[in-house]
Amino acid sequence: AMNKETLRQPGACRTKCLATVVMTRLANVRRAALVAFLLFTSCALEPGMAAADQTEVFRPADTSSPRATLKSFLDAMNGIHGLIESRQFLDRSDPQYRALLMQALDTFDTSELPVFARADRAGEAAFSLKEILDRLEVPLWKDIPDQTAIEAAGGPEQLPLWRIPGMRITIAHVTEGPQRHEYLFSPGTLERLPSYFEDTRHLPYRTTGTAVSPKILRWYFAAPGNPFIARLVAQLPEWTKERKFGLTVWKWPGLLLLALAAIALMVMTYRLQRRLADRSRETSLVKYCLTLVFPIAAMLIPLALQHLAYEILTVRGSPLEFVRFVTTLVALGASFVVVFAASRRLTAIIVASPNIRSQGLDAQFIRLISVVLSIVVSVVLFLFGGQYIGLPVMALLASAGVGGLAVALAAQATLKNLFGTMMIMADKPFRVGERNIVGVHDGVVEDIGLRSTRIRTRFAEHLISIPNDEMARRDIENLGRRPARFRSANIRIPLDTPREKVESAVTLIRATLKN
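Just so you know, these numbers come straight off a predicted model, no measurement behind them.

**Student:** Which parts of the structure should I look at to understand the confidence of the model for the protein?
**Tutor:** Detailed reading of the predicted coordinates is not advisable wherever pLDDT is low. Put simply, the protein has an average pLDDT of 79, and 82% of its residues get 70 or more. Across the protein, element-level confidence peaks in strand β3 (residues 183-185) with a mean pLDDT of 94 and bottoms out in helix α1 (residues 4-8) with 44. Low pLDDT, under 50, characterises residues 1-24; the predicted model gives this stretch nine contacts beyond four residues in sequence or across chains. Taken together, the stretch residues 29-54 has pLDDT below 50 and engages in zero contacts with residues farther than four places along the chain or on a different chain.

Now the structure itself:
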């Protein structure tokens, strides 16, 4: 709006002032329209640009040549360092971080690493390699072979590997496996990278060449997996963030507390399971079967410790391998307990059938088969678990064969009794509750075990245990299965006894024998 002084001016001046005001208004309108247009354009282009950036991040690494492999690795690690610098926190659950780390790991030949530690060893190797390359002089890109140089040399067969000048780092052409035809950092390079970093960590970061990522390995080892814990760790002294014996100082107390808590929980779980199982075994079959939950929970406790150590404490390197090896081994042993517990409960369900006598040979045979199957399943689990934690299966099989031979030689008597038990259960010459005469022993069979058979003598009430090997070889007189009892007796009658009395006595004896 025009002020009163403008309205009081003469006509010409008033017209000039009005024109100036109108031009100013039009300029403001044009400026606002330009700003709106720029905002609209940026909003329209930003999703496409973000999508392009995300597509670039989630794209697999280019490993077609040594130059492409090295460049893909450096770009991915520099991207990870950019994320750390912008957030001052290493969020391992961030999809962008995972994608960049996957690009870096795509440049490694991890075929010779054990399965259970493959990702973690490769991750430590990636950050160690970045620290090494940030300290040593990297060749110019034009001096590193690309696809054109490979073709000029006559193909990958003529250039099977390329070593970075002045370094013990090799990029080799893979000829077999799922990563065939790719140029990757060799398995030997991965194996010696941690020690190679220790040899070069005293060197300063270079100031020329490709971008560097200062202290990126320290972030990898020291940063916790939770933002709240990260803020607490940030308040700690610097010496607590240094590595001692392969692990950051502040993580040792946390790992020790987790281990003690896991041990206490496992002990409490097994004790509670034993107590409840003893109470419910004879009273309630359903409650007895439900106690299987406790050994399963005990088996999961070491795996939970492993997860917390990896995700929350972010234990890495050799300590993580040790934690994973021990927790996996403990979980494997706990799985044997689960197998035998499940087998016992399944046997209890089958024996509880009204068609099976709980103390009969069928029940004993079912229990024996259950134990044998549990042992077989446990052996299979041990072999697969040993392969997972890095133990060679063939060596395990060979050691099992040698160990089995040694056990067989040392336990011949036990094996004889076991086979005797199987023969007794297959032939069923007697059952629990039947009266038998075995050698000089006359009594009732009370129990048929895996090693021996227990007989309660008829008159002395002594409990005799006879090995099943002897029971299978001896002559057994089963009195419990005879159709009748035969007795031979002489009845003396005086010669002057009347005929009527003799016939009456015979009739009385016959009537007695009929009952």
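**Student:** What is the right way to read a positive patch on the surface from this model?
**Tutor:** A cluster of basic residues, Arg271, Arg274, Arg275 and Arg279, forms a positive patch on the protein surface. Within the secondary structure layout, arginine 275 lies in helix α10 (residues 251-280).

**Student:** Looking at this structure, how should I read the packing of helix α3 (residues 66-87) against helix α4 (residues 95-105)?
**Tutor:** Two quantities define a packed helix pair, namely the angle between the helix axes and the distance between the axes. Contact geometry for α3 and α4: axes closest at 8 Å, N-to-C directions at 155°. Judged by the inter-axis angle, α3 sits roughly antiparallel to α4. Helix-helix and strand crossings are classified by hand; for α3 and α4 the assignment is left-handed. Here Phe73, Ala76, Met77, Gly79, Ile80, Leu83 and Arg87 of α3 lie close against α4, whose contacting residues are Gln96, Tyr97, Leu100, Leu101, Gln103 and Ala104. Partitioning the contact of α3 with α4 into residue classes produces nine nonpolar, three polar and one charged.

**Student:** What am I meant to see in the nonpolar core here?
**Tutor:** A general trend in soluble globular proteins is that nonpolar side chains are found buried together. One finds Phe73, Phe108 and Leu133 to be the most contacted residues of the largest nonpolar core, which totals 44 residues. Looking at this core, the elements that each hand over two or more residues are α3, α4, α5 (118-135), β3, α7 (187-200) and α8 (216-222). Considering each element in turn, this core owes the most residues, eight residues, to α3. Discounting residues that sit within four places of it in the chain, phenylalanine 108 has contacts with Phe73, Ala122, Ala125, Ala126, Leu129, Gln179, Leu184, Phe185 and Leu190. Counting ten residues, the second-largest nonpolar core is a separate cluster that includes Ile424, Val438, Val445 and Ile464.

**Student:** Help me out: how do you make sense of the pairing of strand β8 (residues 452-457) in this one?
**Tutor:** A regular strand places its side chains so that they alternate between the two faces of the sheet. The pairing of strand β7 (residues 441-448) with β8 spans five bridges and is antiparallel. Bridge pairing links aspartate 447 to arginine 454 in β8. Linking two consecutive strands that pair antiparallel, namely β7 and β8, is a turn of three residues. In this structure, β8 lies alongside strand β9 (residues 463-467), joined through five bridges in antiparallel fashion. Bridging across to β9, arginine 456 finds its partner in leucine 463. The turn joining β8 and β9, which pair antiparallel and follow one another in sequence, is formed by five residues; a positive phi near 60° is taken by glutamate 461.

**Student:** Any chance you could explain the pattern of salt bridges here in plain terms?
**Tutor:** Any two side chains of opposite charge can pair, given that their charged atoms come close. Within this structure, the stated rule accounts for 16 salt bridges. The shortest N-O distance in the salt bridge between glutamate 446 and arginine 456 comes to 2.9 Å. You can see glutamate 446 sitting in strand β7 and its partner arginine 456 sitting in strand β8, a full ten residues away along the chain. The exposure class of glutamate 446 is partly exposed, given its relative accessible area of 34%. Taking the relative accessible area as the measure of exposure, arginine 456 reaches 26% and is therefore partly exposed. Overlapping salt bridges bring together Lys130, Asp134 and Arg206 as one network.

**Student:** Would you mind going over the sheet that holds strand β1 (residues 161-163) with me for this structure?
**Tutor:** Paired through their backbone hydrogen bonds, the strands of a sheet run either parallel or antiparallel. What the three strands build is an open sheet, ordered β1-β2-β3; its pairing is antiparallel. Looking at which strands have only one partner, the edges of the open sheet turn out to be β1 and β3. Adjacent strand axes in the sheet meet at a mean angle of 20° when their direction is disregarded. Sheet topology places strand β2 (residues 170-173) next to β3; three bridges connect them, and they run antiparallel.

**Student:** I'm lost on the packing of aromatic side chains in this one. Help?
**Tutor:** The geometry of two aromatic rings is summed up by the distance between their centres and the angle between their planes. For the structure shown, the criterion picks out three aromatic pairs. Each ring, one from phenylalanine 73 and one from phenylalanine 185, has its centre 5.7 Å from the other, and the planes form 70°; the classification is edge-to-face. Remark: phenylalanine 185 occurs in strand β3 and phenylalanine 73 occurs in helix α3; sequence separation between them is 112 residues. On the basis of relative accessibility, which here comes to 0%, the residue phenylalanine 73 falls in the buried class. Relative to phenylalanine 185, the ring of phenylalanine 108 has its centre 5.4 Å away and its plane inclined at 65°; by these criteria the two rings are edge-to-face. Of the two residues, phenylalanine 108 sits in the loop between α4 and α5 while phenylalanine 185 sits in strand β3, which places them 77 residues apart along the sequence.

**Student:** Is there a simple way to think about the sheet that holds strand β6 (residues 435-438) in this case?
**Tutor:** As summarised here, the arrangement of the five strands in space is β9-β8-β7-β6-β10, forming an open sheet in which the pairing is antiparallel. Each edge of the open sheet is held by one strand with a lone partner, namely β9 and β10 (476-478). Here the average twist between neighbouring strands, direction ignored, is 40°.

**Student:** It is not clear to me how unusual backbone geometry should be interpreted in this structure. Could you clarify?
**Tutor:** Trans peptide bonds make up the majority, and among non-glycine residues the majority have a negative phi. Positive phi values are uncommon outside glycine, yet histidine 181 reaches one of about 75°. Here histidine 181 lies in the loop between β2 and β3. Here the phi dihedral of lysine 215 falls at roughly 60°; this positive angle occurs in a residue that is not glycine. If you trace the backbone, lysine 215 turns up in the loop between α7 and α8. The exposure class assigned to lysine 215 is partly exposed, which follows from its relative accessible area of 49%.

Conventions we followed
- Residues numbered from 1 in each chain as written.
- Predicted model: local features only at pLDDT ≥ 70, side-chain atom pairs only at ≥ 80, totals over all residues.
- Heavy atoms only, no water.
- pLDDT = per-residue confidence, 0-100.
- Helix = DSSP H or I, 4+ residues; strand = E, 2+ residues; numbered from the N terminus.
- Contact = heavy atoms within 4.5 Å.
- Patch = residues over 30% accessible without salt bridge, like charges linked within 9 Å, V, L, I, M, F, W, Y side chains within 5 Å.
- Areas by Shrake-Rupley, 256 points an atom, 1.4 Å probe, with all protein chains shown as cover.
- Salt bridge = Lys/Arg side-chain N within 4 Å of Asp/Glu carboxyl O.
- Lys, Arg positive; Asp, Glu negative; His and termini not counted.
- Charge placed at Lys NZ, Arg CZ, Asp CG, Glu CD.
- Axes fitted to C-alpha atoms, helices over the stretch in contact; angles between N-to-C directions.
- Parallel < 35°, antiparallel > 145°, perpendicular 65-115°, else oblique.
- Left-handed = near helix turned anticlockwise from the far one by under 90°.
- Nonpolar A, V, L, I, M, F, W, Y, C, P; charged D, E, K, R; others polar.
- Core = buried A, V, L, I, M, F, W, Y, C linked by side-chain atoms within 4.5 Å.
- Buried < 20%, exposed > 50% of the residue type's maximum accessible area, 1.4 Å probe, protein only.
- Pairing = 2+ DSSP bridges.
- Phe/Tyr/Trp six-rings, centres within 6.5 Å; stacked < 30°, edge-to-face > 60°.

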